[in-house]
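Chain and residue survey
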Amino acid sequence: EVSFTFLEMLGVDMATALDYSLSDENEAKFLALKSLQMKKLKQLMAALDTKDREISKLKILSKDNRRTQMIQALKNKIRDTEFVCDILKEELLKASGEGSSMEDINTLIIRKTLGGPKRFRPLSREELENKIM
């Protein structure tokens, strides 16, 4: 805008100013500055493009990292729950007396947890243990 106000002060519009010819020395200086400016612009655009790619890679990695953390947390929760179930089954076996076996305890758990309508369902942990025993 400074150059535009300078042109206004001279009483010359932009189209007329563009029609003026430059001396060889000024034209060479102008072309050199223009070339330098274009090189700087290309370098800046390349740097921006590189940074954009790095940012997108980091976003993907952070999503994967969060997903992995969630999966690990769920695995830990399942392991803790199974540990509590095993302890409760052992305590139930101790409380039921000498005549009971782990198979009887599993059968009791299956009977208590299988209420409602019959439909397709995967075998429970206790049913799988009874098949192994």
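Being a predicted model, the structure only gives us computed values, none of them experimental. (Residues numbered from 1 in each chain as written. Predicted model: local features only at pLDDT ≥ 70, side-chain atom pairs only at ≥ 80, totals over all residues. Heavy atoms only, no water.)

A closer look at the overall build of the protein
Within the protein, the regular secondary structure consists of five helices and zero strands. When the accessible area of the protein is evaluated, it comes to approximately 12,100 Å², of which 62% is carbon and sulfur surface. (Helix = DSSP H or I, 4+ residues; strand = E, 2+ residues; numbered from the N terminus. Areas by Shrake-Rupley, 256 points an atom, 1.4 Å probe, with all protein chains shown as cover.)

Quick word on helix α5 (residues 125-132)
Along α5, the residues classified as buried are Glu126, Glu127 and Asn130. Angular distribution of buried residues about the axis of α5 spans 100°; they occupy a single face of the element. Opposite the buried face of α5, by more than 90 degrees, sit the exposed residues Lys131 and Ile132. (Buried < 20%, exposed > 50% of the residue type's maximum accessible area, 1.4 Å probe, protein only. Arc of directions from axis to C-beta.)

Digging into the pattern of salt bridges
If charged atoms from side chains of opposite charge come close, those side chains can pair. Counted by the stated rule, this structure contains four salt bridges. A salt bridge links Asp49 to Arg53, with the nearest nitrogen and oxygen atoms 2.8 Å apart. Taken together, the residues span about one helical turn, with Asp49 and Arg53 both in helix α3 (residues 24-96) at a distance of four residues. Judged by its relative accessible area of 46%, Arg53 is partly exposed. Taking the shortest distance from any N to any O, the salt bridge between Glu91 and Lys94 comes out at 3.6 Å. Taken as a pair, Glu91 and Lys94 lie in helix α3 at a separation of three residues, close to a single helical turn. The exposure class assigned to Lys94 is exposed, which follows from its relative accessible area of 62%. (Salt bridge = Lys/Arg side-chain N within 4 Å of Asp/Glu carboxyl O.)

Remarks on helix α4 (residues 102-113)
Count 3.6 residues to each turn of an α-helix, and residues three or four apart come out pointing the same way. Over its twelve residues, α4 runs 16 Å from end to end, which matches the ideal 16 Å to within 8%, given 1.5 Å per residue. Among the residues of α4, Ile105, Asn106 and Ile110 are the ones counted as buried. One face of α4 carries all of its buried residues, which in axial projection span an arc of 140°. Exposed side chains of α4 directed beyond 90 degrees from the buried face belong to Arg111 and Lys112. (Expected span 1.5 Å × (residues − 1).)

Topic: the side chain of Lys89
Here Lys89 shows up in helix α3. Filtering out sequence-adjacent residues up to four positions away, Lys89 remains in contact with Met102, Ile105, Asn106, Ile109, Glu126 and Glu129. (Contact = heavy atoms within 4.5 Å.)

Digging into the packing of α4 against α5
One can describe the packing of α4 onto α5 by two numbers: an axis separation of 9 Å at closest approach and a directional angle of 150°. By the criterion of interaxial angle, the relationship of α4 to α5 is roughly antiparallel. When you trace α4 past α5, the crossing you get is left-handed. Residues Glu103, Asn106, Thr107, Ile109 and Ile110 of α4 lie in contact with α5, whose contacting residues are Glu126, Glu127, Glu129 and Asn130. For the contact of α4 with α5, the class distribution of residues is two nonpolar, three polar and four charged. (Axes fitted to C-alpha atoms, helices over the stretch in contact; angles between N-to-C directions. Parallel < 35°, antiparallel > 145°, perpendicular 65-115°, else oblique. Left-handed = near helix turned anticlockwise from the far one by under 90°. Nonpolar A, V, L, I, M, F, W, Y, C, P; charged D, E, K, R; others polar.)

Some words on the confidence of the model for the protein
For any part of a model where pLDDT is low, the fine detail of the predicted coordinates should not be relied upon. Averaged over the protein, the pLDDT score is 79; the fraction of residues at 70 or greater is 72%. Within the protein, the element-level pLDDT minimum falls on helix α1 (residues 2-10), averaging 52, and the maximum on α3, averaging 87. (pLDDT = per-residue confidence, 0-100.)

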